[in-house]
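Read off the chains here:
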Amino acid sequence: MKYLRWLLFPFSLLYGLVVIIRNWCYDAGFFKSYKFTKPVISVGNLDVGGAGKSPMTEYLIRLLKDNYKLATLSRGYGRKTKGYVVAGVVSVATVANATPATATASATNVGDEPAQFKYKFPDITVAVCENRVEGIKQLLPDHDLVFLDDAYQHRAVEPGLSILLFDYNRVNEPHLLLPAGNMREPFSGRWRAQIIVVTKCPVQLTVDEQSDLAQKIEPLPYQHLFFTSIAYQHLQDFEGRLAEINIDEETIVFLLTGIANAKPLVQYLKGFTSHIIHHNYPDHHPFTLKNITKLAAEFTACASQKKIIITTEKDAQRLEESWFKSAMPEAGGLPVFVIPIRVEFLNDGGDRFNQLIIEYVRAHTTYH
């Protein structure tokens, strides 16, 4: 892998030059960047992969949904629709003939993460659009604020508040740009954020370790730095009902994931059992009947009576329960359960973070 990085390094230099010129054009005003009068909050990161953007967006939704009319706007990665689409209950047949369109909240129509937002928060508006400027223009007349999911590099929009996430497990990695490394843009691009959050930290992260991380990230004087950990919730079925299941050392867990970084989840499950059979696929992987049939065959062949299949919330949006039933009809479908996650702030930082968000929204919402 080290030698491959060296071979790809010249391409990273070329990619970095293009990104630097593009950012400079936006900063200098040669490329137009739109700013809106109502609150627009962006959640993003500098590298590729899972830094915890969706859990952070969900945290923000919970914080503000009772007092404001919210909307989330994403690109809708992996969807088969085009243009501006709102997740709703109207047949997807309208998508090809109308803009804006409304589609059922499935991963196929709006992407897995937006589908997850709509499933968990049915009262908010969830929209997707490749052109974030047009998407915001569609949403703001009827909403108090918009959350932009994974939009830090979308320079055509200048959000009122940018939250930049760093994965704790990657802070110490070399800041190499694509394709030799994992960075979408140079590390210096962090200056555009007002809030920086180091995610997926160990719960027992010491003050000295936090200080070391702060020195590596080097937040600027106007930037607020926070540390969060993952809080795994109780297992649920596909209907959101709590599952009364006890996982112990005798339990064999078949773990099905198609996310950027499943290591934290694997480590968490190892705290209960060492018997984990991981079916690991790339991020946003569109699960096929072949994938599920393979899982079903291994699950059926396992002689243990204490066995369970676990997947993530995002992966659940890309799974069709009918696949489970066709893969294992004699059992009425595979016993697949979902493990939700939430964000927890370390050092009681949640109150300070909440106050920053609330003050920004109040200052930019006219009726306040």
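Worth saying up front: this structure is predicted, and the values here are computed from it rather than measured.

Conventions we followed
- Residues numbered from 1 in each chain as written.
- Predicted model: local features only at pLDDT ≥ 70, side-chain atom pairs only at ≥ 80, totals over all residues.
- Heavy atoms only, no water.
- Salt bridge = Lys/Arg side-chain N within 4 Å of Asp/Glu carboxyl O.
- Helix = DSSP H or I, 4+ residues; strand = E, 2+ residues; numbered from the N terminus.
- Buried < 20%, exposed > 50% of the residue type's maximum accessible area, 1.4 Å probe, protein only.
- Pairing = 2+ DSSP bridges.
- Axes fitted to C-alpha atoms, helices over the stretch in contact; angles between N-to-C directions.
- Contact = heavy atoms within 4.5 Å.

### Thoughts on the pattern of salt bridges
Logical step 1: Under the definition given, this model contains 19 salt bridges.
Logical step 2: In this structure, Lys314 and Glu113 form a salt bridge, with 3.4 Å as the shortest nitrogen-oxygen distance. With Lys314 in helix H9 (residues 313-316) and Glu113 in helix H4 (residues 112-120), this pair connects stretches of sequence that are 201 residues apart.
Logical step 3: Here Lys314 falls in the buried class, since its relative accessible area comes to 12%.
Logical step 4: Among the ionic pairs, Asp248 bridges to Lys306, the shortest N-O distance being 2.6 Å. In this pair, Asp248 is assigned in the loop between strand S9 (224-232) and strand S10 (252-257) and Lys306 in the loop between helix H8 (289-301) and strand S12 (307-312), connecting sequence segments 58 residues apart.
Logical step 5: One connected set of salt bridges, linked through shared partners, spans Glu58, Arg62, Lys120 and Glu313.

### Overview of the sheet that holds strand S13 (residues 336-339)
Logical step 1: Here four strands make up an open sheet; going across it, the order is S11-S10-S12-S13 and the pairing parallel. The sheet is open, and its two edges are formed by strand S11 (276-280) and S13, each paired on a single side. Averaged over all pairs of adjacent strands, the angle between strand axes in this sheet comes to 25°, irrespective of strand direction.
Logical step 2: Running over the sheet, helix H7 (residues 263-270) touches S10, S11, S12 and S13 and is turned about 170° from S10.

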